[in-house]
Amino acid sequence: MKALLLAGGLGTRLRPLTENLPKPMARVGNRPWLEHLILHYKAQGVSDFVLAVKYYRELIESCFGDGSRLGVRIEYSVEKELLGTAGAVKNAEPFLDGRFIVVNADIIHQVDLASALAFHERRGADVTICLTEVDDPSPYGVVEQNEDGRILRFVEKPKKEEAPSNRINAGIYIMERSVLERIPAGVAVSIEKETFPQWIASGAGVYGHPIGGYWMDMGTKARYRQLHWDLLDGRFPLPTDGEDAGEGIWLGENVRTGQGVLFVPPVMIGDDVTIGDRAVIGPYAVIGSGSRIGSQVRLSRSILWDRCKVHGGAQVNECILGSGMRVGPHILHEAVCNRIREVQRP
Ligand code: GTP
């Protein structure tokens, strides 16, 4: 069975991190999220992937190629124009057969695929929408289901007390290829806003299956930051490469620290990172591979991607810095930067 990963969107809400990068390539735990996602499904027996790509697709293709580096097979379904989440699935039709999985590649999650597939099979569903439970469903489209799990309708942005449930679309679907006949070709269509409500109204077998475990849509900067704090706090059990040095300190290979460096947990440091004398790192710091942190730097509540360079004496707090960013000897607070190379004094 193939997994179709939707990874072509513009990621506008996560700019500037996504100004020159597809959102699913944003780094999580020192790797592009898309890589974690492929490995998560591989661990559950999926070996064939179709990546639906458009925006900066060359970055995805050069990172994953035919998938052999990760021990899977990857094909690319390329859109000439962005077709929306349902249009992208329709566009991938030539790559798909039988039953397949569709995943919004910007959703941080861990799913028990076997149980979702068993549910789909038992119900004889056309589509199974995986559902996640949220404390406050009022900002979302909330599902109303019958006792069999069939979805009767989506209620958009209900008042909390009027919501029929606290279950929302998790952005992970199991589908039968036959349903693709119902999606028009070559036009932009949203699967959440148009396709599913239409299918439900027309009596198609659309079922909802709650998945437990961690779930986070990383589409905004606040949520992107939060998922890292969840990772560091152990609420999101992502397999990571680094050695657990204990007490909330993860160190990659070949991390070189000067004299008097203080780690204030939780911190996660990638491979080949150099940290100068008397730097204070943490709490809540993620430093990407190949980064160089100068002496006496103070870095807290910040996420640095790979190859960043922070000048000695700088103070970096509440920041997210993209690959290869350079920070001068400044105080940097609440900056989110990716495109420019030198961060100026705010
Ligand atoms: P925003 O611009 O911030 O809304 O982000 P987005 O449009 O990139 O993401 P959204 O949350 O709307 O989409 C969910 C997932 O579907 C993301 O992984 C997107 O990359 C992907 N996606 C969205 N639209 C398209 C599309 O037109 N084509 C393809 N191939 N993927 C899409």
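Remember, predicted model here, so these are calculated numbers, not experimental data.

Enquirer: Explanation requested: the overall build of the protein chain in the structure shown.
Expert: Of the regular secondary structure elements, the protein chain holds six helices and 31 strands. The C-alpha atoms of the protein chain give 21 Å as radius of gyration, which agrees with the globular expectation for 346 residues (20 Å, within 12%). When each of the 346 residues of the protein chain is scored for burial, the buried share is 54%. The contacts of the protein chain with a sequence gap of at least 6 include a subset with a gap of at least 24, amounting to 52%. When the accessible surface of the protein chain is split by element, carbon and sulfur atoms take 47% of a total near 15000 Å².

Enquirer: Any chance you could explain the site of the ligand here in plain terms?
Expert: Not every one of the 20 residues close to the ligand is listed here, only the nearest: Gly11, Thr12, Arg13, Glu79 and Gly84. Between an oxygen atom of the ligand and a main-chain N or O atom of Ala105, the distance comes to 3.4 Å. A distance of 3.3 Å separates an oxygen atom of the ligand from a polar atom in the side chain of Asp106. For the ligand, the accessible surface in isolation is 610 Å², of which the surrounding protein chains cover 84%. Using a 2 Å cut-off from the grid points, one finds that the ligand occupies the largest pocket. Ranked by the residues each element gives to the shell around the ligand, the list is headed by helix H3 (residues 84-91), at three residues. The residue makeup of the shell around the ligand, split by class, is nine nonpolar, seven polar and four charged.

Enquirer: Hey, could you run me through the environment of Lys23 in this one?
Expert: Tracing the backbone through its elements, the reader meets Lys23 in the loop between strand E1 (2-6) and strand E2 (27-28). By relative accessible area, Lys23 is classed as buried at 10%. Here Lys23 is in contact with Gly11, Arg13, Leu14, Thr18, Asp106, Met218 and Gly219, once residues within four sequence places are set aside. Looking at Lys23, its side chain comes within polar contact range of the side chain of Asp106, at 2.8 Å.

Enquirer: Would you explain the layout of surface pockets in this entry?
Expert: The probe, sized like a water molecule, is rolled over the atoms to show the empty space still left. What the largest pocket holds in volume is close to 1300 Å³. Residue lining of the largest pocket: 39 residues in total, with Arg13, Thr85, Asn104, Glu192 and Asp217 positioned closest to the centre. At the level of secondary structure, the elements contributing two or more residues to the lining of the largest pocket comprise H3, strand E10 (151-156), strand E11 (167-176), helix H5 (191-201) and strand E13 (215-217). At five residues, the largest contribution of residues to the lining of the largest pocket is made by E11. Along the lines of polarity and charge, the residues of the lining of the largest pocket split into 18 nonpolar, eleven polar and ten charged. In this model, the second largest pocket occupies a volume close to 250 Å³. What lines the second largest pocket is a set of twelve residues, and nearest its centre among them are Leu21, Trp305, Asp306, Arg307 and Ser323. When residues of the lining of the second largest pocket are assigned to domains, at least three fall in each of domain 1 (2-217) and domain 2 (241-343).

Enquirer: How do you make sense of the domain arrangement of the protein chain when you look at a structure like this?
Expert: Interfaces are often described in size by the accessible area the parts lose on coming together. Domain annotation for the protein chain reports domain 1 (2-217) and domain 2 (241-343). With ten residues of domain 1 at the interface, the matching set in domain 2 holds 16 residues. Taken as a group, Leu17, Arg27 and Asn30 account for 55% of the area that domain 1 buries against domain 2, more than any other trio of residues on that side. At the boundary of domain 1 and domain 2, one finds one salt bridge. Put simply, domain 1 and domain 2 have two residue pairs in polar contact (both at pLDDT 80 or more) between them. Partitioned by chemical class, the residues of the side of domain 1 that touches domain 2 number four nonpolar, three polar and three charged.

Enquirer: Explanation requested: the pairing of E11 in the structure shown.
Expert: Each regular strand carries side chains that alternate between the two faces of the sheet. Along E11, nine of the ten residues are buried, which leaves the element largely enclosed by surrounding structure. Relative to E11, strand E8 (residues 127-133) runs antiparallel, the two sharing six bridges. Bridging from a neighbouring strand, Glu133 pairs with Arg167 of E11.

Enquirer: For this particular structure, what's the right way to read the environment of Trp305?
Expert: Here Trp305 is to be found in the loop between strand E24 (302-304) and strand E25 (309-310). Apart from the residues lying within four places of it in its own chain, the contact partners of Trp305 are Leu17, Leu21, Ala26, Arg27, Tyr224, Gly288, Ser291, Leu321, Gly322, Ser323 and Asn338. Side-chain polar atoms of Trp305 contact the side chain of Tyr224, separated by 2.9 Å.

Enquirer: Help me out: how do you make sense of the packing of aromatic side chains in this one?
Expert: Two aromatic rings are characterised by how far apart their centres lie and by the angle between their planes. Following the criterion strictly, the structure yields eight aromatic pairs and no others. With 4.6 Å between their ring centres and 20 degrees between their planes, Tyr214 and Phe236 make a pair best called stacked. Placement of the pair is Tyr214 in the loop between strand E12 (206-210) and E13 and Phe236 in the loop between helix H6 (221-232) and strand E14 (243-244), with a sequence separation of 22 residues. For the pair formed by Tyr214 and Phe236, the shared burial category is buried. Here a set of aromatic residues connected by ring pairs shows up, and it is made of Trp33, Tyr214 and Phe236. Above the face of the Tyr284 ring, Arg301 is positioned so that its terminal group lies 5.4 Å from the ring centre.

Rules behind the numbers
- Residues numbered from 1 in each chain as written.
- Predicted model: local features only at pLDDT ≥ 70, side-chain atom pairs only at ≥ 80, totals over all residues.
- Heavy atoms only, no water.
- Helix = DSSP H or I, 4+ residues; strand = E, 2+ residues; numbered from the N terminus.
- Rg over C-alpha atoms; globule rule 2.2 N^0.38 Å.
- Buried < 20%, exposed > 50% of the residue type's maximum accessible area, 1.4 Å probe, protein only.
- Contact = heavy atoms within 4.5 Å.
- Areas by Shrake-Rupley, 256 points an atom, 1.4 Å probe, with all protein chains shown as cover.
- Near = heavy atom within 4 Å.
- Polar contact = N/O pair within 3.5 Å; in protein donor to acceptor, adjacent residues only side chain to side chain.
- 1 Å grid on protein atoms, 1.4 Å probe; cavity = no way out; pocket = protein on both sides within 12 Å on 5 of 7 lines; lining within 4 Å.
- Sits in = over half its atoms within 2 Å of the grid points.
- Nonpolar A, V, L, I, M, F, W, Y, C, P; charged D, E, K, R; others polar.
- Points joined across faces, edges and corners; volume = space filled by probe spheres on them.
- Domains from an automatic or database assignment.
- Buried area = accessible area lost by both parts, 1.4 Å probe.
- Salt bridge = Lys/Arg side-chain N within 4 Å of Asp/Glu carboxyl O.
- Pairing = 2+ DSSP bridges.
- Phe/Tyr/Trp six-rings, centres within 6.5 Å; stacked < 30°, edge-to-face > 60°.
- Lys NZ or Arg CZ within 6 Å of the ring centre and 35° of its normal.

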